[in-house]
Amino acid sequence: MLTRNQLIEIVRRHQESEFKSPLQRLSQVTAELQEGVLKARMQPIGSAWQKLPRIVRDLSADLKKPIDLEMHGADTELDRQVLELIKDPLTHMVRNAADHGLESGPQRRAAGKPERGTIRLSACHEGRHILIELSDDGRGLDIERIGAKAVALGLTTEADIGKLTQAQVQRFIFAPGFSTAENITSVSGRGIGMDVVRANIDKIGGIIDVRSDRGRGTTFIIKIPLTLAIVSALIVEAAGDRFAIPQLAVLELVRVRGGSEPCIEHIKDSAVLRLRNKLLPLVELRALLAIGGGREPAADLGFVVVMQVGSQSFGLLVDGVSDTEEIVVKPMSSRLRRISVFGGNTILGDGSVILILDPNGVAHAVGIPQTTQSRLPRERGSQREQPATESMLVFRAGSPNPKAVLLSLVTRLEEIDARTIEHLNGRPVVHTAASSCRSCPLPPMQ
């Protein structure tokens, strides 16, 4: 693959070369060879599930819970290297589902459920990805206990926990050392589990998310690449350096031009891209990697790579775009593996070595939560969490940028003459229309 890329780069510089036709045939043969080798490396995911039925039987006896295990899509194939890396995460998740997720027999009867609990494991292809879904019909996640534990561990505060959505609170279970088990047993309560799962899935460029309904069960969705060997990548430039972005994470490429749509706007100190009446959080690659001194995103800076990590989208501002290329992924040096924004390196056709950006690491660095939405068939009657909406009062004050306040906090609107504003003890006050004997303090507007 690398040699083919080098030849393609040479022919690009010599359009009338007589090697152009043979190179096209060579490229086709190389692609067929790549596909053949990939098929040889493929193994059914069922081979990673072989030990799970016995594990469930042992857990059922130890926990005194009748448990059934259903497996679907065991013939779904993926690279054997990826297969080896997901065995331990799946084992952790099945153990957690049996211990934390499923109730005991008497508790299930009291809740009107069948006495036997069920753990379902499904897998299917989605392009060059594998979607794995692990679900149970148990008690679901206890949001109150998770929130209290998160506050106790210092992951958030009492003031902030009430502002988080249910999905955000649920993701605390992936924090290191997080466990809501009251007693330490051989199955749970040791402070390891879901953080290990997330770390192992991150290593192979995958995404994990959780969805839970109180009293109905919990579902974990894992999205992992089909293979780690060869990927299609978009080559971008920033501050004179080139980087590779896996094309599977790229939704679209947007050219930003001054005075026309789409355009870059600023909300306080944050840059956003207004794209088709939606605002995307924007991060500049220069500033993210602290190269080239960084600069303020302008209206005509270049290209925005719209990336998607799970269900979240954001824009990556780059100076230029070179081309798309099939690259061979090389692992990072042990000294650089702690840098989460890079997922590996590769050699381009001109012989230069460039780094590969890890979409998950970039999302984590800019504060984008890592989530995904399952496309596996869902059971009838399942409900999806609806996004909350709030009515806002939009106004301008102190600067041309619009501001907003929750409409529920607004009592009324009054028009006043700025000349009627007085100062009391250094603070501006104004006489309210409702009562001329009361004064209303005005907070300083920045």
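Scroll up to find the structure this text is about.
Here is a short report on the structure shown in this document. (Residues numbered from 1 in each chain as written. Predicted model: local features only at pLDDT ≥ 70, side-chain atom pairs only at ≥ 80, totals over all residues. Heavy atoms only, no water.)

Of regular secondary structure, the protein possesses eleven helices and 23 strands. For the protein, the share of sequence-separated contacts (at least 6 apart) that also reach a separation of at least 24 residues comes to 62%. Accessible surface, the protein as shown: approximately 25600 Å² in total, 51% of it carbon and sulfur. (Helix = DSSP H or I, 4+ residues; strand = E, 2+ residues; numbered from the N terminus. Contact = heavy atoms within 4.5 Å. Areas by Shrake-Rupley, 256 points an atom, 1.4 Å probe, with all protein chains shown as cover.)

Here Asp-137 is to be found in the loop between β5 (129-136) and α6 (143-152). Sequence-wise, Asp-137 and Arg-120 are 17 residues apart; in three dimensions their C-alpha atoms are separated by 8.8 Å. If we skip the residues at most four places from it in the chain, Asp-137 touches Leu-102, Glu-103, Arg-108, Lys-113, Gly-117, Thr-118, Arg-216 and Gly-217. Here Arg-108 takes part through its side chain, which lies 2.9 Å from a polar atom of the side chain of Asp-137. (Polar contact = N/O pair within 3.5 Å; in protein donor to acceptor, adjacent residues only side chain to side chain.)

Attention now goes to the pattern of salt bridges. On inspection of all chains with the given rule, the structure shows 14 salt bridges. Measuring nitrogen to oxygen at the nearest pair gives 3.0 Å for the salt bridge that ties Glu-115 to Arg-109. For Glu-115, a relative accessible area of 40% corresponds to the partly exposed category. The closest approach of N and O atoms between Arg-171 and Asp-209, which form a salt bridge, is 3.6 Å. One end of the pair, Arg-171, is in the loop between α8 (166-170) and α9 (194-203); the other, Asp-209, is in strand β6 (residues 207-213), and 38 residues separate them in sequence. For Asp-209, a relative accessible area of 9% puts it in the buried group. (Salt bridge = Lys/Arg side-chain N within 4 Å of Asp/Glu carboxyl O. Buried < 20%, exposed > 50% of the residue type's maximum accessible area, 1.4 Å probe, protein only.)

Here we come to the packing of helix α3 (residues 52-63) against helix α4 (residues 80-101). Interaxial distance between α3 and α4 falls to 10 Å at its minimum, and their mutual angle equals 30°. On the basis of their axis angle, the class for α3 and α4 is roughly parallel. In this structure, α3 crosses over α4, and the sense of that crossing is right-handed. Of the residues in α4, those in contact with Leu-52, Ile-55, Val-56, Leu-59 and Leu-63 of α3 are Thr-91, Val-94, Arg-95, Ala-98 and Asp-99. Split into classes, the residues belonging to the contact of α3 with α4 amount to seven nonpolar, one polar and two charged. (Axes fitted to C-alpha atoms, helices over the stretch in contact; angles between N-to-C directions. Parallel < 35°, antiparallel > 145°, perpendicular 65-115°, else oblique. Left-handed = near helix turned anticlockwise from the far one by under 90°. Nonpolar A, V, L, I, M, F, W, Y, C, P; charged D, E, K, R; others polar.)

What follows covers the sheet that holds strand β12 (residues 270-275). Ordered in space as β10-β14-β15-β13-β12-β11, the six strands form an open sheet in which the pairing is mixed. Looking at which strands have only one partner, the edges of the open sheet turn out to be β10 (250-255) and β11 (263-267). For this sheet, the mean inter-axis angle between neighbouring strands, taken without regard to orientation, is 35°. Relative to strand β15 (residues 312-318), strand β13 (residues 278-284) is paired through three bridges, and the arrangement is parallel. Considered in β15, the bridge of Glu-284 is made with Leu-317. (Pairing = 2+ DSSP bridges.)

Here the focus is the pairing of strand β20 (residues 402-406). Relative to β20, strand β19 (residues 392-396) is paired through five bridges, and the arrangement is antiparallel. By the bridge assignment, Arg-396 is partnered in β20 with Pro-402. Counted along the chain from β19 to the antiparallel partner β20, the turn is five residues long, and its residue Gly-398 has a positive phi close to 85°.

Inspection of the secondary structure assignment puts Lys-65 in the loop between α3 and β2 (67-72). Here the side chain of Lys-65 touches Ala-98 through a polar contact of 3.1 Å, landing on its backbone oxygen. Polar contacts involving the side chain of Lys-65 include one to the main-chain carbonyl oxygen of Leu-102, which spans 2.6 Å.

Looking now at the sheet that holds strand β4 (residues 117-126). Here we have five strands laid out as an open sheet, ordered β2-β4-β5-β7-β6, and mixed in their pairing. Looking at strand neighbours, the two that pair on one side only are β2 and β6, the edges of this open sheet. Within the sheet, the average angular offset between the axes of one strand and its neighbour, ignoring direction, is 15°. Sheet analysis places β2 next to β4, joined by six bridges and oriented parallel. Each bridged residue has a counterpart across the sheet, and for Ile-67 the counterpart in β4 is Gly-117.

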